[in-house]
Amino acid sequence: MPNYKAELVGVFGHPVSENPTVVVQEAAFNALNLNWRYLTIEVLPEQLGDAIRGLRAFNMRGINLTIPHKIEVMQFLDSIAEDARLIGAVNTVINNGGNLHGENTDGKGFIRSLTEESHVSIPGKKVVVLGAGGAARAIAVELALRGAGEILVVNRSTERGEALVSSVINCSEAKSRYIPWSGILKIPYDTDILINATSIGLFPGVDDKPLIDYDTIRPEMVVCDVIPNPPRTAFLKEAEKRGAKTIDGLGMLVNQGAIGFKLWTGLDAPVDVMKRALAKEFGVA
Ligand code: NDP
């Protein structure tokens, strides 16, 4: 008997047309011969509630949320994972037979990329996070939950920077402090992990880089960027020149997708296939 019915997942966003996740997920579905589709769907902020009702009506298996829906979606869900609640945002919804459950895979994707690519062990480590937006919140909270010793949050806007410090302190034993970003930042000598979690360097602003004194980067540091496109940012190139181990944003993007794939399908994601598909899409294969 043929079965023409496809299982549906996708992403709601606005704007959403440049979101590359479809490439990663469809590569994985094809590799495992799954009759699943990933739809890239433009949803206006005022229509998010209707879109979620549509998801239920179509019995979609889940959805990713991107700008500007990651916070607003939480009011429409039946349950939310503890870490997503601490982060204050949901980027993945799983539809368990009509029960909508929210997760945040951004920070977990980052952690997987960091530990697999650098073999660094997180407990006790001193971390400097540049930025305090959605990506920075997800990363800082997941690092804190895994026992990071100290998380310094460097951000332009004081309000967001201090809010992230409070979240870290409230959810963990980690020390945390807000550092205002005025002028050229010197990276503390004893930093183990330095992360650019701002949007500086994202295409098309490929020559832009965070305002730090790059000579304060040491070879012992692991230096990470969340920017997936281009993967080799000006920030990472400077760190490489100083001998630091660098980790780009492609791994984070692929791994958060791989975690979402597993949550939806119950199957281990073909991570290498997903990585190759994304690298090809960004012209870096
Ligand atoms: P947000 O808009 O929530 O946060 C942006 C952050 O960047 C804020 O901290 C903002 O500071 C800071 N920032 C922006 N421009 C400047 C500047 N010129 N100088 C100093 N600080 C600046 O965005 P997200 O956190 O959602 O996304 C950030 C980046 O992370 C994006 O480029 C996105 O592509 C990437 N990302 C990558 C993922 C991956 O899987 N690789 C997953 C999710 C995001 P302020 O608070 O002062 O405005």
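The structure displayed is predicted, hence computed values, not measured ones.

How each quantity is defined
Residues numbered from 1 in each chain as written. Predicted model: local features only at pLDDT ≥ 70, side-chain atom pairs only at ≥ 80, totals over all residues. Heavy atoms only, no water. Buried < 20%, exposed > 50% of the residue type's maximum accessible area, 1.4 Å probe, protein only. Helix = DSSP H or I, 4+ residues; strand = E, 2+ residues; numbered from the N terminus. Pairing = 2+ DSSP bridges. Right-handed = clockwise from strand over helix to strand, strands pointing away. Near = heavy atom within 4 Å. Polar contact = N/O pair within 3.5 Å; in protein donor to acceptor, adjacent residues only side chain to side chain. Areas by Shrake-Rupley, 256 points an atom, 1.4 Å probe, with all protein chains shown as cover. Nonpolar A, V, L, I, M, F, W, Y, C, P; charged D, E, K, R; others polar. Axes fitted to C-alpha atoms, helices over the stretch in contact; angles between N-to-C directions. Contact = heavy atoms within 4.5 Å.

Description of the pairing of strand 7 (residues 126-130)
For strand 7, a buried count of 4 out of 5 residues is recorded, marking the element as mostly surrounded by other parts of the structure. Of the strand pairs in this sheet, strand 7 and strand 8 (residues 150-155) are connected by 5 bridges, and their pairing is parallel. Of the residues in strand 8, the one forming a bridge with V129 is V153. Following the chain from strand 7 across helix 5 (residues 134-145) to the adjacent parallel strand 8, one finds a crossover that is right-handed.

Concerning the site of the ligand
Around the ligand lies a shell of 21 residues, among which A135, N155, R156, S157 and V226 are the nearest. Interatomic distance of 2.8 Å between a backbone N/O atom of A135 and an oxygen atom of the ligand. One of the side-chain nitrogen or oxygen atoms of N155 is found 2.8 Å away from an oxygen atom of the ligand. Relative to its free-state accessible area of 920 Å², the ligand is covered by the protein chains to the extent of 77%. Broken down by secondary-structure element, the contributors of at least two residues to the shell around the ligand are helix 5 and helix 8 (249-265). Ranked by residue count, the leading element in the shell around the ligand is helix 8, at 3 residues. Looking at the shell around the ligand residue by residue, the class counts come to 10 nonpolar, 8 polar and 3 charged.

A look at the sheet that holds strand 8
Here we have 6 strands laid out as an open sheet, ordered 9-8-7-10-11-12, and parallel in their pairing. One side of each edge strand has no neighbouring strand; the edge strands of this open sheet are strand 9 (175-180) and strand 12 (245-247). Averaged over all pairs of adjacent strands, the angle between strand axes in this sheet comes to 15°, irrespective of strand direction. Two elements, strand 10 (residues 193-196) and strand 11 (residues 222-225), share 4 bridges in a ladder whose sense is parallel. Paired with L194 across the strands is V223, a residue of strand 11. Of the strands in this sheet, strand 10, strand 11 and strand 12 touch helix 4 (residues 106-118), which is tilted by about 145° from strand 12. With respect to the sheet, helix 7 (residues 234-241) is in contact with strand 7, strand 10, strand 11 and strand 12, its orientation differing from that of strand 11 by roughly 170°.

Function cannot be inferred from these measures alone, as they are strictly geometric.
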